Amino acid sequence: MSNRFFTYKGFPLVRHEDVIYYGNMADDYVVMLQILDKTRINNLDVASKIKIYQMSTDFTLKPNEAIKKTSEKESLYEALDLANAWLKMTVKS
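What comes next is a walk through the structure. (Residues numbered from 1 in each chain as written. Predicted model: local features only at pLDDT ≥ 70, side-chain atom pairs only at ≥ 80, totals over all residues. Heavy atoms only, no water.)

**Considerations on the environment of Ile-50**
In step 1: The residue Ile-50 is located in strand β5 (residues 44-56) in this model.
In step 2: Note on Ile-50: relative accessible area 0%, which makes it buried.
In step 3: Linking Ile-50 and Ile-35, residues 15 residues apart in sequence, is a C-alpha distance of 4.6 Å.
In step 4: The residues touching Ile-50, leaving out its near neighbours within four places in the chain, are Leu-33, Gln-34, Ile-35, Ser-71, Glu-72, Lys-73, Glu-74, Ser-75, Leu-76 and Ala-79. (Helix = DSSP H or I, 4+ residues; strand = E, 2+ residues; numbered from the N terminus. Buried < 20%, exposed > 50% of the residue type's maximum accessible area, 1.4 Å probe, protein only. Contact = heavy atoms within 4.5 Å.)

**Remarks on helix α2 (residues 76-90)**
Because an α-helix packs 3.6 residues into every turn, residues spaced three or four apart end up facing the same way.
In step 1: Between its first and last C-alpha, α2 extends 21 Å over 15 residues, near the 21 Å set by a 1.5 Å rise per residue.
In step 2: Turning to α2, its buried residues are Ala-79, Leu-80, Ala-83, Asn-84, Trp-86 and Leu-87. Down the axis of α2, the sector holding all buried residues measures 165 degrees, keeping them to one side. When the buried face of α2 is taken as reference, the exposed residues oriented beyond 90 degrees from it are Tyr-77, Lys-88 and Met-89. (Expected span 1.5 Å × (residues − 1). Arc of directions from axis to C-beta.)

**Description of the nonpolar core**
In step 1: Within the largest apolar cluster, 16 residues are counted, with the highest numbers of intra-cluster contacts made by Leu-13, Tyr-22, Val-31, Leu-33, Ile-50, Ile-52 and Leu-80.
In step 2: Tallying contributions element by element places α2 first for this core, with five residues.
In step 3: In this structure Val-31 touches Ile-20, Tyr-21, Tyr-22, Ile-52, Tyr-53, Gln-54, Ala-83, Trp-86 and Leu-87, once residues within four positions along its chain are discounted. (Core = buried A, V, L, I, M, F, W, Y, C linked by side-chain atoms within 4.5 Å.)

**Quick word on the sheet that holds β5**
In step 1: In space, the six strands of this open sheet follow the order β1-β2-β3-β4-β5-β6, with antiparallel pairing throughout. At either margin of the open sheet sits one strand with a lone partner, and together these are β1 (6-8) and β6 (67-73). Recorded for the sheet is a direction-independent mean angle of 30 degrees between the axes of neighbouring strands.
In step 2: Sheet topology note: the strand β3 (residues 19-22)/strand β4 (residues 29-41) ladder contains four bridges and is antiparallel. Across the sheet, residue Ile-20 finds its bridge partner in β4, namely Leu-33. (Pairing = 2+ DSSP bridges. Axes fitted to C-alpha atoms, helices over the stretch in contact; angles between N-to-C directions.)

**Things to note about the pattern of salt bridges**
In step 1: Considering all chains together, one arrives at five salt bridges under this definition.
In step 2: As a salt-bridge pair, Lys-9 and Asp-81 come within 3.5 Å of each other at their nearest N and O atoms. In this pair, Lys-9 is assigned in the loop between β1 and β2 (11-16) and Asp-81 in helix α2, connecting sequence segments 72 residues apart.
In step 3: The class of Lys-9 is partly exposed, set by a relative accessible area of 47%.
In step 4: As a salt-bridge pair, Asp-45 and Arg-40 come within 2.9 Å of each other at their nearest N and O atoms.
In step 5: Salt bridges here are not isolated pairs; linked through shared partners, they connect Arg-15, Asp-18 and Lys-38. (Salt bridge = Lys/Arg side-chain N within 4 Å of Asp/Glu carboxyl O.)

If you want it as structure tokens, here you go:
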């Protein structure tokens, strides 16, 4: 059995229902993408409204203190693109 995750632009993606976590928990921040709305296209549900949260991985913080940035996008691609930019700014080289 492998412990590998799907990745997007070098960062792990983990999905549970309508929530996607993007980033590495060993880093200072991860991004949570919450799918708020979907549109049905050719018998396939496509995310059409996504709330994005940049969150600290510091478990000593209260949940509302852990959230550093938020945004909302109308496509999963746009949401992941923004999440990737946020992660790149916070990851230590």
